[in-house]
Amino acid sequence: MDVEQDNTLDEAWMRHAFRLAQHAESLAEVPVGAVLVQNGRCIAEAWNYPISLNDPTAHAEILALREAGKALKNYRLTDTTLYVTLEPCVMCMGAISHARVKRLVFGAFDARRGAVCNALNLADASFLNHRVDWHGGVLEAECAGLLRDFFRARR
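Residues numbered from 1 in each chain as written. Predicted model: local features only at pLDDT ≥ 70, side-chain atom pairs only at ≥ 80, totals over all residues. Heavy atoms only, no water.

Caption draft 1: Examining the sheet that holds strand β5 (residues 133–136) more closely. Read across the sheet, 5 strands follow the order β2-β1-β3-β4-β5 without closing on themselves; strand pairing throughout is mixed. Only two strands of the sheet have a single neighbouring strand rather than two, namely β2 (41–47) and β5. On average, each strand axis in the sheet is tilted by 15° relative to the strand beside it, whichever way the strands run. Sheet analysis places strand β1 (residues 33–38) next to strand β3 (residues 81–86), joined by 4 bridges and oriented antiparallel. Pairing of alanine 34 across the sheet is with valine 84, part of β3. The strands that helix α3 (residues 60–72) touches are β1, β2 and β3; relative to β2, the one it contacts most, it runs at about 140°. Sitting on the sheet, helix α5 (residues 140–154) touches β3 and β4 (103–108), and the angle it makes with β4 is about 60°. (Pairing = 2+ DSSP bridges. Helix = DSSP H or I, 4+ residues; strand = E, 2+ residues; numbered from the N terminus. Axes fitted to C-alpha atoms, helices over the stretch in contact; angles between N-to-C directions. Contact = heavy atoms within 4.5 Å.)

Next up, the structure:
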């Protein structure tokens, strides 16, 4: 697959994740959405839900990984791509690595808590037994804007 086609697919799946983030916002949750794709089809999708579920682990990425594990009847999610609207935190990056997700694509960078390439660089951590290929900044302005507007409205 050529890079241009790959970029087009990444943007399309990120738009799907963005709509899920908007749904999270409508529930008064931090607007983050995630979609897990394998062989061009959606295996799982989720949005942030920790407030409503009273569950600090209910980040969009974790919920999508759980749903995918059930759908595929396997905790290893090899040959998958996870699209998420915000750079994952340390908890989510750990789960992504343990699930053996092949590729991670995210929208907004998180300079303060991002664990892919900002606050931590877990994508390349030598102590993890799996390396995740990653690409950040897909629809960055839209994803960052949604988060910025959400937090601005809450202050």
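Anyway, onward from the coordinates.
Caption draft 2: A look at the packing of aromatic side chains. Taken as a whole, this structure holds 5 aromatic pairs when the rule is applied. Judged by centre distance (6.2 Å) and plane angle (85°), the ring pair of tryptophan 47 and tyrosine 49 falls under edge-to-face. Among the residues examined, tryptophan 47 registers a relative accessible area of 23% and is labelled partly exposed. Among the aromatic residues, those joined into a ring-pair cluster are Phe106, Phe109 and Trp134. (Phe/Tyr/Trp six-rings, centres within 6.5 Å; stacked < 30°, edge-to-face > 60°. Buried < 20%, exposed > 50% of the residue type's maximum accessible area, 1.4 Å probe, protein only.)

Caption draft 3: Representation of unusual backbone geometry within the structure. Phi is positive for asparagine 39, which is not a glycine, with a value near 55°. One can find asparagine 39 in the loop between β1 and β2. Asparagine 39 gets classed as exposed once you look at its relative accessible area, which sits at 73%.

Interpretation note: all reported values are geometric properties and have no functional meaning in isolation.
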